[in-house]
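Breakdown of the fold
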Amino acid sequence: MLSLMAMAQAALSEPVVLDQFLANTQTLRAEFRQELRDTGGQVLEVAGGRVLIKRPNRFQWQYQEPYEQLVLADGERLWIYDKDLAQASVAPIGSALAATPALLLSGERVVSDDFELQASFSRDGLEWVLLKPRLVSADFTSLALAFEADDLKFMELTDNLDQVTFIEFSNLERNPQLSEDLFRFRVPPGVDVIGEGG
């Protein structure tokens, strides 16, 4: 599998498509399929579910397979709830989300504050934007987003072990009506809560 940087061939221009997408998207609803791939491109894990985003700083990633997990930001805190373990962790959103893809899509900050543009290029009908987190302690080394007809189609993250998380979005709706209640986490009975902010 060719690296995105190799595909870019040092092409560098302003990521207009990303700026326009963020400027024109206040809420988002989509289904997603996620693959974790090793350095050779072999698929190690497959997951899927639904994502909801409401700016600023509210999102819900609901994993439905291979097991149920909820990753939710309520504007102030980040919750991760594992149904099978009957466990939820919580942390203040600032420290938990610094320079992450979730913050890029749902936050209010200017992209260049948290990410350095590495490349912006077209390939196979898609507009790609390749970013590098400015935060040295980030869990990933690069983030690529692909747009088709101004809508987000793919996201690809490379971590510090050179493993790649590839996410494909489908049935994407921009700016649907999403109630605040969707972004509130209510701790189910019997669930242990770990961390601060709850």
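The following paragraphs examine the structure supplied in this document. Predicted, not measured: the structure shown is a model, and the values here were computed from it. (Residues numbered from 1 in each chain as written. Predicted model: local features only at pLDDT ≥ 70, side-chain atom pairs only at ≥ 80, totals over all residues. Heavy atoms only, no water.)

Its place among the elements puts K83 in the loop between strand 5 (77-82) and strand 6 (87-92). Judged by relative accessible area, K83 falls into the partly exposed class, the value being 45%. (Helix = DSSP H or I, 4+ residues; strand = E, 2+ residues; numbered from the N terminus. Buried < 20%, exposed > 50% of the residue type's maximum accessible area, 1.4 Å probe, protein only.)

Going from R55 to P56, the amide bond is cis rather than trans, its omega being 5°. Cis geometry marks the peptide bond from E65 to P66; its omega dihedral reads 0°. Residue placement: P66 occurs in the loop between strand 3 (58-65) and strand 4 (69-74). Its identity is not glycine, yet D150 carries a phi of approximately 70°, on the positive side. Note that D150 resides in the loop between strand 9 (140-148) and strand 10 (151-159). Using a relative accessible area of 43% as the deciding quantity, one classes D150 as partly exposed. Even without glycine at this site, D162 takes up a positive phi of about 65°. Within the secondary structure, D162 sits in the loop between strand 10 and strand 11 (164-174). D162 gets classed as partly exposed once you look at its relative accessible area, which sits at 48%.

Moving on, we get to the pairing of strand 11. Pairing geometry for strand 1 (residues 27-37) and strand 11, over nine bridges, is antiparallel. In the strand pairing of strand 11, L36 is matched with T165. For strand 10 and strand 11, the ladder comprises five bridges, and the chain directions are antiparallel. Bridging from a neighbouring strand, F154 pairs with E168 of strand 11. The turn joining strand 10 and strand 11, which pair antiparallel and follow one another in sequence, is formed by four residues; a positive phi near 65° is taken by D162. (Pairing = 2+ DSSP bridges.)

On to helix 2 (residues 16-23), then. Buried within helix 2 are the following residues: V17, L18, F21 and L22. Down the axis of helix 2, the buried set is contained in an arc of 130°. They therefore lie on one face. (Arc of directions from axis to C-beta.)

The strand order across the open sheet formed by twelve strands is 7-8-9-10-11-1-2-3-4-5-6-12, and the pairing between neighbours is mixed. If you trace the sheet from one side to the other, it starts and ends with strand 7 (115-123) and strand 12 (192-195), each paired once. Across the sheet, the mean angle from the axis of one strand to that of its neighbour is 20°, orientation sign disregarded. By the bridge criterion, eight bridges tie strand 9 to strand 10 in an arrangement that is antiparallel. Residue L143 lies in a different strand from strand 10, and its bridge partner there is L157. On top of the sheet, helix 2 reaches strand 1, strand 8 (126-133), strand 9, strand 10 and strand 11; it is set at about 85° to strand 8, its chief contact. (Axes fitted to C-alpha atoms, helices over the stretch in contact; angles between N-to-C directions. Contact = heavy atoms within 4.5 Å.)

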